[in-house]
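# Results of the structural survey
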Amino acid sequence: MSAPTAVTETTPKAGSRDDYVDFLRAASLIVVVLWHWAFTILTWEPNGPQAGPHATSPLGFTRGFWLATWLFQVMPLFFYVGGYVHLRSWERAQLNGVHIGAFVGRRIRKLAVPAVVVMLAWIAVGSAIGGYFKLEGIGRGVRLIISPLWFLAIYLMLIVLLPVSLSLHRRYGSLVLVWLGGAAMMIDVVRFNYHLEAAGWANMVLVWGLAHQAGFFYQKVVDAPRRADWTLLWAGLFGLVGLVGSGLYPGSMVGVPGERFSNMAPPTFVIVALLLFQIGVVELLRPTMQRVLLRPRWHRANDLINRFSLPLYLVHTTGLAIFLFLAWLLFGYEFTDRSDDLRIDLQWWLTRPLAVVGPLICTLPVIVLFSKIGVRREQGQ
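Overview of the structure. Here the residue index of a chain counts from 1 through its sequence in written order. Totals for whole chains, interfaces and linings use every residue, but because this is a predicted model, local features are given only for residues with pLDDT of at least 70 and side-chain atom pairs only at 80 or more, for both listing and counting. Excluded from the side-chain calculations are hydrogens and water; all other atoms, namely the structure's heavy atoms, are used.

A word on the side chain of histidine 86. Per the convention used, a helix needs a DSSP run of H or I reaching at least four residues, while a strand needs a run of E reaching at least two, with both numbered from the N terminus. Along the chain, histidine 86 turns up in helix 4 (residues 75–95). The buried category is assigned to histidine 86, whose relative accessible area is 0%. Accessible area is worked out with a 1.4 Å probe on protein chains only. A residue is then buried under 20% of its type maximum, exposed over 50%, and partly exposed in between.

Right under this line is the structure:
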């Protein structure tokens, strides 16, 4: 159990920023970017209605690799931290006399404008390239490039729902989490027991809304005794093991080609267990990370990744596309693999650093371009 003085050490001062929150938010985005760069495998179907590039990953044919997603599928953690940031931002805006409508509108514009720019740019570029070169499957390629923006659409939905979620939080407190979790479980029952797949999409609101609503309790979790962190970790871990081990749900927390369904699209109740597990993990790491982030170099690095994490996420698949195009143009690399003829060997694993460095180099100029048109990290807290 933490000593009583530890509570005041971990509680941010009024008006101050929580460096660990900034780190978690930016690191979550960067983890997703690195995962996409390192572990996206593109295959090519040359003919028919499915012609064009298809994305897969080593998760489907690398034994036990799905366990890595329990730590590195960090979208639940991102929405959790986002809930805390929105709560603190709203509290500060209230003190300045800002209306909830204006607050929501400003935050929507800050995220939606750059995302729409990316989407429209790729639709235009894809249409032009496809029309000029008469490339089959260019539409599928464009969809792959802009598909990671799905999470921003969910995040924007949660911002739109802020007036409702804040009102529920004030009136019912932690009961809202129980209701959302119970509703998410019932949706899974309806979806899988009665074979109503469309019902699953309600969990896009319920599960991600729960993660976001849980962020409203962030400071209470921080201030709780150390054993509460262990309680969250073990509750989440036992939940994951039980749900996955039952055979009812896939083990991977991301979509895997060939699985019966994905735990993410739409999210299942397994993601609720994943959220508890990840909150426990980051809270147990908090004391160490807070000391580390006080060091000058780490503090500067934290500030840097916070400045560029959102622009990096928005255009990281653009950088990947540029890198693959240059590999084809300069070195003759072609997508000749078929989904039924994939090989993951030692050489493939040894090339993972190149799979990260190459797209990073190609993404940096795009980030610079975006910085000139006003893409900034979301302010908050």
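Our next topic: the environment of glycine 182. Within the secondary structure layout, glycine 182 lies in helix 9 (residues 175–193). Overall, the relative accessible area of 32% leaves glycine 182 in the partly exposed class. On a C-alpha basis, the gap between glycine 182 and valine 207 in space is 10.0 Å, while along the polypeptide they are 25 residues apart.

Our next topic: the nonpolar core. Within soluble globular proteins, side chains that are nonpolar tend to cluster in buried spots. Side-chain atoms within 4.5 Å link the members of a nonpolar core, which is a set of buried Ala, Val, Leu, Ile, Met, Phe, Trp, Tyr and Cys residues. Within the largest apolar cluster, 91 residues are counted, with the highest numbers of intra-cluster contacts made by Phe79, Tyr80 and Trp208. In terms of residues, this core owes the most to one element, helix 13 (residues 270–293), which gives 13 residues. Sequence-distant contacts of phenylalanine 79, defined by excluding residues within four places in its chain, comprise Phe151, Ile154, Tyr155, Leu158, Trp208, Ala211 and His212. Ala38, Phe39, Phe65 and Trp348 belong to the second largest nonpolar core, which has ten residues in total. Any two residues whose heavy atoms approach within 4.5 Å at even a single point are treated as in contact.

The residue after alanine 265, namely proline 266, is reached through a cis peptide bond having omega -5 degrees. Within the fold, proline 266 resides in the loop between helix 12 (226–245) and helix 13. Even without glycine at this site, histidine 195 takes up a positive phi of about 60 degrees. If you trace the backbone, histidine 195 turns up in the loop between helix 9 and helix 10 (203–214). Taking the relative accessible area as the measure of exposure, histidine 195 reaches 66% and is therefore exposed.

Right, let's get into a nonpolar patch on the surface. In this analysis, a patch consists of residues with relative accessible area above 30% that form no salt bridge, clustered at 9 Å for like charges and at 5 Å for the nonpolar side chains Val, Leu, Ile, Met, Phe, Trp and Tyr. All accessibility values rest on the Shrake-Rupley procedure with a 1.4 Å probe; residue burial counts only the protein chains present in the view. Each reported salt bridge corresponds to a side-chain nitrogen of Lys or Arg within 4 Å of a carboxyl oxygen of Asp or Glu. Taken together, the side chains of Leu161, Val164, Leu168, Tyr172, Leu175, Val178, Trp179 and Val205 make up a nonpolar region of the molecular surface, amounting to roughly 670 Å² of accessible area. For the nonpolar patch, the elements supplying multiple residues, two or more each, are helix 8 (162–172) and helix 9. One can find leucine 175 in helix 9.

As a further point, take helix 2 (residues 19–39). Counted at 1.5 Å a residue, the expected span for helix 2 with its 21 residues is 30 Å, and the 29 Å between its end C-alpha atoms agrees. Counting buried residues along helix 2, 16 of its 21 residues qualify, which places the element largely inside the surrounding structure. By the criterion applied in these results, polar contacts are pairs of N or O atoms within 3.5 Å in which, for protein atoms, one can donate a hydrogen and the other can accept it, and in which residues neighboring in sequence qualify only through two side-chain atoms. Measuring from the backbone nitrogen of tyrosine 20 back to the side-chain oxygen at the start of helix 2 gives 2.9 Å, which picks out aspartate 18 as the cap. A helix's residues, less one, multiplied by 1.5 Å, set its expected span.

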